[in-house]
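Chain by chain, the residues run as shown.
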Amino acid sequence: MNDPPKHISHSAREILERCAKSYFLKYFTEAPRLQSLWLAGGSAVHEATEVYDLQSVAGIQDGFDLEAAWRVHFELQLEQLREKEPNENAWRRSQSEDIETWRRIGLQFVQEYIDWRERSPWEIWTTPDGEPAIELDISGRLPGCSVEIKAYLDRVFYDPVFKKHWIVDLKTSKRPPKTPDQFRTYGALMEVKYGIRPEHGAAFMNRQGGLSRPVDLGDVTPKEIGAVYGEAWKKVTSGYFPAEGIAKNDCFLCDVQSSCHAKGGPYAQLHDPDHPGYQPPF
Ligand code: SF4
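Throughout, residues of each chain are indexed from 1 in the direction in which the sequence is written. Given that the model is predicted, a residue must reach a pLDDT of at least 70 before its local features are reported, and side-chain atom pairs must reach 80 or more before they are shown or counted; all residues, however, enter totals for whole chains, interfaces and linings. Side-chain figures throughout are based on the complete set of non-hydrogen atoms in the structure, without hydrogens or water.

### Some words on the packing of aromatic side chains
The aromatic pairing rule takes the rings of Phe, Tyr and Trp, using the six-membered ring of Trp, and pairs them if the centres are within 6.5 Å, calling planes under 30 degrees apart stacked, those over 60 edge-to-face and the rest tilted. With the rule as written, the count across this model stands at 18 aromatic pairs. With a centroid separation of 6.4 Å and 65° between ring planes, the pair formed by Tyr 23 and Phe 28 is classed as edge-to-face. Summarising the burial analysis for this pair, Tyr 23 and Phe 28 share the class buried. For the ring pair Tyr 113 and Trp 116, a centre distance of 5.9 Å and an interplane angle of 40° mean the geometry is tilted. Here Trp 116 and Tyr 113 lie together in helix H5 (residues 99-119), a separation of three residues that amounts to about one turn. Three or more aromatic residues joined by ring pairs form one cluster here, namely Tyr 113, Trp 116, Trp 122, Phe 157, Trp 166 and Phe 204. Exposure is judged per residue with a 1.4 Å probe applied to protein chains only, and the accessible area is read against the type maximum: over 50% gives exposed, under 20% gives buried, and values in between give partly exposed. Labels follow the DSSP assignment, with helices taken as runs of H or I lasting at least four residues and strands as runs of E lasting at least two, numbered in each case from the N terminus.

Rendered as C-alpha cells:
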C-alpha cells in the first residue's frame, strides 16, 4: 500500500463522493489504471492552447504554428499512453473517436479556442506577483480543512468592459460540468491566495467553441468551501472505503475497476482489502 495522501483536490473529492473504494484504490494503492484516449487528447488540447496563450501574453502569437503545436503535443501524449499501456486496444475511447479522429478533431478544438480568444475582449489576468494566469497554481489551505487543497486553474481572464474576473476551465468533453463545485473551489482558493474573489466561472467548451452557462461566484466564501473539503478529508482518514459505485451505476467512469473486489476485478486480491484472499504485493 502507498503512503496515505497528504492533500486533496477537487477531482479527488469528486472521486471520493462517487465511490470511496475507487478513491482508496487510486490514492492508497498501486492498482493499475485503465488508460483513456480521451484524456490524452484533452491533455494535448490543454498543452497546445497553453503554448498559444503564453505566446499571446508575450505578443508573439502570430508566430504560433497551430498544426505543429497540436501534432507535437498529441503525439507526445500518445507516446506516454503507450508507455503505460502498449496495447492500444485496451485504451478506453469513445466508439466514434479513434486515434485518427482525434488527430482531426483535436486540431479543431485548439482552433476553436484560438478563434474565441481572437474575438473576445477578455485579457489574461496577471496575478499581483506578475504571473499570467495560465495553468496557475492556486493550491492552498481553506478554513475548516486541515490539509492543502491542490488546484491549478486553466485560465483567469479579466473583462475590461464589465471589469470582472472570470475563472475559465477548458473542457473537451461533450457536456459541461454537472455542478459548480470546481469553480467554487477555485474562487475560494483565489480569494485566500490573492485577496480577489472572481465574480464568475465558466467552462470553455472546445467542441462548441464557446463558454458554458456561467457560475456566479459572488457569494462563495472560503469558510463554506473549506468545510466541504474538511468533511471529505474526514472520510479519507476514516479508513472506511465502501464500493459505492455499483449502486450508483457509476462504475463505467472508474479507471481502477480491475482491482475492485465488488466488481470482480482480476487484480482485487492484490489491492482491495475486501477480497477474502487479500495479499498486497509488498
Ligand atoms: S468498479 Fe465501481 S464499485 Fe468498484 S471501485 Fe470502481 S466505481 Fe467503485
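### Section: unusual backbone geometry
Negative phi characterises most residues that are not glycine, and trans characterises most peptide bonds. At Lys 163, a residue that is not glycine, the phi angle is positive and equals roughly 55°. Counting through the fold element by element, Lys 163 comes out in the loop between strand E5 (152-159) and strand E6 (164-171). Lys 163 gets classed as exposed once you look at its relative accessible area, which sits at 56%. Here Asn 249, not a glycine, exhibits a phi torsion of approximately 60°, which is positive. Looking at where Asn 249 falls in the secondary structure, it is placed in the loop between helix H7 (222-238) and helix H8 (268-271). The class of Asn 249 is exposed, set by a relative accessible area of 63%.

### Considerations on the pairing of E5
Summarising burial for E5: six of the eight residues are buried, a large majority. Judged from the two bridges that link them, strand E2 (residues 123-124) and E5 form a sheet pairing that is antiparallel. Bridged to Glu 123 within E5 is Tyr 158. For two strands to pair, DSSP has to find at least two bridges joining them. As judged from the three bridges shared by strand E3 (residues 134-137) and E5, these two strands associate in the antiparallel manner. If you follow Ile 134 over to E5, its bridge partner there is Arg 155. Hairpin remark: E5 followed by E6, antiparallel, with four residues in the connecting loop; positive phi at Lys 163, about 55°.

### Focus on the site of the ligand
Any residue with a non-hydrogen atom lying within 4 Å of a molecule or strand is treated as near it. By nearness alone, every residue bordering the ligand is listed as Cys 19, Lys 21, Ser 22, Ala 243, Gly 245, Ile 246, Cys 251, Cys 254, Gln 257, Cys 260 and Lys 263. Class assignment for the residues of the shell around the ligand results in six nonpolar, three polar and two charged. All residues other than Ala, Val, Leu, Ile, Met, Phe, Trp, Tyr, Cys, Pro, Asp, Glu, Lys and Arg, Gly among them, are scored as polar; the first ten of these are nonpolar and the last four charged.

### So, helix H4 (residues 66-84)
Three- or four-residue spacings in an α-helix give side chains the same orientation, since the helix completes a turn every 3.6 residues. Helices are assigned an expected span. That span is 1.5 Å times one less than the residue count. In a regular helix each residue adds 1.5 Å, so 19 residues correspond to 27 Å; H4 covers 27 Å between its end C-alpha atoms and thus fits that length. Three or more residues of H4 are buried, namely Leu 66, Ala 69, Trp 70, His 73, Phe 74, Gln 77, Leu 78 and Leu 81. Relative to the axis of H4, the buried residues are bounded by an arc of 150° and lie together on one face. Buried residues along H4 sit in contact with helix H3 (37-57) and H5. The directions considered for the arc run from the helix axis to the C-beta atoms. Whether two residues are in contact is decided by their heavy atoms: any pair within 4.5 Å suffices.

### Concerning the UniProt feature "domain: PD-(D/E)XK endonuclease-like" (unreviewed entry) in the protein
When the UniProt feature table is mapped to this numbering, "domain: PD-(D/E)XK endonuclease-like" (unreviewed entry) covers residues 7-261. In residues 7-261, helix accounts for 43% and strand for 15%; the two terminal C-alpha atoms are 26 Å from one another. UniProt positions are given in the numbering used here, feature names are shortened, and annotations may be inferred rather than shown by experiment.

### A look at the environment of Val 51
Mapped onto the elements of the fold, Val 51 is located in helix H3. Distance from Val 51 to Ala 69, taken between C-alpha atoms, is 7.9 Å for residues 18 residues apart in sequence. Once you skip the residues sitting within four places of it in the chain, Val 51 turns out to touch Phe 64 and His 73.

### Considering the domain arrangement of the protein
Each assigned domain of the protein is listed here: domain 1 (37-91 + 94-122) and domain 2 (125-228). Residue ranges labeled as domains rest on an automatic or database domain assignment. Taking only C-alpha atoms into account, the centre of domain 1 sits 22 Å from that of domain 2. Note on definitions: salt bridges are taken to be side-chain nitrogens of Lys or Arg within 4 Å of carboxyl oxygens of Asp or Glu. The interface formed by domain 1 and domain 2 includes two salt bridges. Put simply, Glu 97 and Arg 207 hold a salt bridge, and the shortest N to O gap is 2.8 Å. Within 3.5 Å is the distance limit for a polar contact, defined as a pair of N or O atoms, with the added protein rule that one can donate a hydrogen and the other accept it, and that residues adjacent in sequence qualify only through two side-chain atoms. Our count for the contact surface shared by domain 1 and domain 2 stands at nine residue pairs in polar contact (both at pLDDT 80 or more). The set of elements that each furnish at least two residues to the side of domain 1 that touches domain 2 consists of H3 and H5.

### Quick look at the nonpolar core
Residues belong to one nonpolar core when they are buried, are Ala, Val, Leu, Ile, Met, Phe, Trp, Tyr or Cys, and are joined through side-chain atoms within 4.5 Å. Counting residues in each nonpolar core, the largest one holds 43 residues, and the members touching the most others are Ile 8, Tyr 23, Trp 125, Ile 138, Leu 153 and Met 190. When contributions to this core are tallied by element, the ones reaching two or more residues are helix H1 (10-18), helix H2 (20-28), E5, helix H6 (181-194), strand E7 (200-205) and H7. With six residues, H6 is the single largest residue contributor to this core. Discounting residues that sit within four places of it in the chain, Leu 153 has contacts with Ile 134, Glu 135, Leu 136, Ile 138, Ile 167, Tyr 186 and Met 190. Among the nonpolar cores identified, the runner-up in size contains 31 residues, and Ala 44, Ala 48, Phe 64 and Ile 134 belong to it.

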